[in-house]
Protein chains: 2
Amino acid sequence: MSKNNCPLHYTLNLIGTKWKPLILFHLLEGPLRSGVLQKKISGISNKMFTQTVRELEQDGLIAREVFPVVPPKVEYSLTDKGKSLENILRNMDEWGATFYKD
Amino acid sequence: MSKNNCPLHYTLNLIGTKWKPLILFHLLEGPLRSGVLQKKISGISNKMFTQTVRELEQDGLIAREVFPVVPPKVEYSLTDKGKSLENILRNMDEWGATFYKD
DNA sequence: CCGGATCCGTATAGATACTG
DNA sequence: CAGTATCTATACGGATCCGG
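Residues numbered from 1 in each chain as written. Chains lettered and ligands numbered in written order. Predicted model: local features only at pLDDT ≥ 70, side-chain atom pairs only at ≥ 80, totals over all residues. Heavy atoms only, no water.

An unreviewed UniProt entry lists chain A under the name Transcriptional regulator, HxlR family, with Arenibacter troitsensis given as the organism.

Written out as structure tokens, the structure reads:
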């Protein structure tokens, strides 16, 4: 990873991708079951979804809870660190709403 | 591009990458010559830099001005649309400062 | 000289089918 | 239902070359 003198670089290493902010944004309303969350992220592939939530979990932004039932049930939720991104995520959503046509 | 019901998706299509926010952030202070700007983005390759500023220009976030001199001189600056991202960029920088160790 | 275009080898993303 | 395996397509990095 390249070193940079600005903290923004650190932020981008955690959420500077196409999918991570979307996943975090949809978790702002509360925990979601894996399949439900994935369906909300339209266009993401199965592989990228799994890979991305793993990275978010490793970086401490989301928590993963496995319920030992059949059929399998997994829930994702925001950690405190993840919740602290709420302002940024909502700002990005609002900015998009300002310029998005149709 | 996948369709999504939230405007956040639109935002991420414009700035949801590793480099775009960094470039925009460094232009907040004013226009910069191409080489100077690139040096500030530590770790970016020549190819990615050129490609990324082209995309930012096409999306109307930055402006590119070419001076017909020798040696060549090119300056990049934020458009009004680009400037409207200032809050988001500074928030991301501040968030990184909060969690960044060393 | 500076900005950036091109070429090629590697790495990462994406689609699909499959397993417990 | 959640996640993995495999294969293909695309994105990326680095070196090199080019025009002004």
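## Concerning the overall build of chain A
Along chain A, the regular secondary structure elements total six helices and three strands. Reading chain A from its N end, one meets helices and strands in the order α-α-β-α-α-β-β-α-α. Along the longest, intermediate and shortest principal axes, the C-alpha atoms of chain A span 45 × 40 × 25 Å. When each of the 102 residues of chain A is scored for burial, the buried share is 45%. When the accessible surface of chain A is totalled, it reaches about 5500 Å², and 52% of it is carbon and sulfur. Of the side-chain charges in chain A, 14 are positive and 11 negative, and the distance between the mean point of each set is 6 Å. (Helix = DSSP H or I, 4+ residues; strand = E, 2+ residues; numbered from the N terminus. Buried < 20%, exposed > 50% of the residue type's maximum accessible area, 1.4 Å probe, protein only. Areas by Shrake-Rupley, 256 points an atom, 1.4 Å probe, with all protein chains shown as cover. Lys, Arg positive; Asp, Glu negative; His and termini not counted. Charge placed at Lys NZ, Arg CZ, Asp CG, Glu CD.)

## Things to note about the packing of helix H1 (residues 8–15) of chain A against helix H2 (residues 20–27) of chain B
Across the interface, H1(A) lies against H2(B) with an axial gap of 10 Å and an inter-helix angle of 160 degrees. If you check the angle between H1(A) and H2(B), you find them roughly antiparallel. The chirality of how H1(A) crosses H2(B) is right-handed. Facing Leu8(A), His9(A) and Leu12(A) of H1(A), the residues of H2(B) in contact are Pro21(B), Leu22(B) and Phe25(B). Its residues placed into classes, the contact of H1(A) with H2(B) shows five nonpolar, one polar and no charged. (Axes fitted to C-alpha atoms, helices over the stretch in contact; angles between N-to-C directions. Parallel < 35°, antiparallel > 145°, perpendicular 65-115°, else oblique. Left-handed = near helix turned anticlockwise from the far one by under 90°. Contact = heavy atoms within 4.5 Å. Nonpolar A, V, L, I, M, F, W, Y, C, P; charged D, E, K, R; others polar.)

## Brief notes about the interface of chain A and chain B
At the junction of the two partners, chain A supplies 39 residues and chain B supplies 37 residues. Taken together, both faces of the contact between chain A and chain B bury some 3400 Å²; the carbon and sulfur share is 70%. Ranking the residues of chain A by area buried against chain B places Leu8(A), Met92(A) and Trp95(A) at the top, with a combined share of 20%. Taken together, the links from chain A to chain B amount to zero salt bridges. (Buried area = accessible area lost by both parts, 1.4 Å probe. Salt bridge = Lys/Arg side-chain N within 4 Å of Asp/Glu carboxyl O.)

## Some details on the protein's contact with DNA strand D
By nearness alone, 17 residues border DNA strand D, and Arg33(A), Gly35(A), Arg64(A), Lys47(B) and Met48(B) come closest of all. Here, DNA strand D places atoms within 4 Å of the protein, and 60% of those atoms are sugar or phosphate. Taking Ser34(A), its side chain carries an N or O atom lying 3.1 Å from a phosphate oxygen of DNA strand D. Within the backbone of Gly35(A), a nitrogen or oxygen atom sits 2.9 Å from a phosphate oxygen of DNA strand D. Secondary-structure elements contributing two or more residues to the surface near DNA strand D are helix H3 (34–40), helix H4 (46–58) and strand S3 (73–78) of chain A together with helix H4 (46–58) of chain B. In terms of residue count, H4(A) provides more of the surface near DNA strand D than any other element does, four residues in total. In terms of residue class, the surface near DNA strand D is built from six nonpolar, six polar and five charged. (Near = heavy atom within 4 Å. Polar contact = N/O pair within 3.5 Å; in protein donor to acceptor, adjacent residues only side chain to side chain.)

## Quick look at the pairing of strand S2 (residues 62–67) of chain B
Residues and elements named next belong to chain B. Bridge count for S2 against strand S3 (residues 73–78) is six bridges, and the pairing is antiparallel. Residue arginine 64 lies in a different strand from S3, and its bridge partner there is tyrosine 76. Connecting the antiparallel pair S2 and S3 is a turn made up of five residues. (Pairing = 2+ DSSP bridges.)

## Focus: the side chain of Lys20(A)
Residues and elements named next belong to chain A. Along the chain, lysine 20 falls in helix H2 (residues 20–26). The class for lysine 20 is buried, based on a relative accessible area of 3%. Setting aside anything within four residues of it in sequence, one finds lysine 20 in contact with Asn13, Leu14, Ile15, Thr52, Glu55, Leu56 and Asp59.

## What about unusual backbone geometry?
Residues Val70(A) and Pro71(A) are joined by a peptide bond in cis, for which omega reads 0 degrees. With respect to the helices, strands and loops of the structure, Pro71(A) is situated in the loop between strand S2 (62–67) and S3.

## With respect to the environment of Arg90(B)
Residue and element names in this part refer to chain B. As for its placement among the helices and strands, arginine 90 is situated in helix H6 (residues 86–99). A relative accessible area of 29% means that arginine 90 is categorised as partly exposed. Along the sequence, arginine 90 and leucine 28 sit 62 residues apart, while their C-alpha atoms lie 9.6 Å from each other. In contact with arginine 90, not counting residues within four places along its chain, are Phe25, Leu28 and Glu29.

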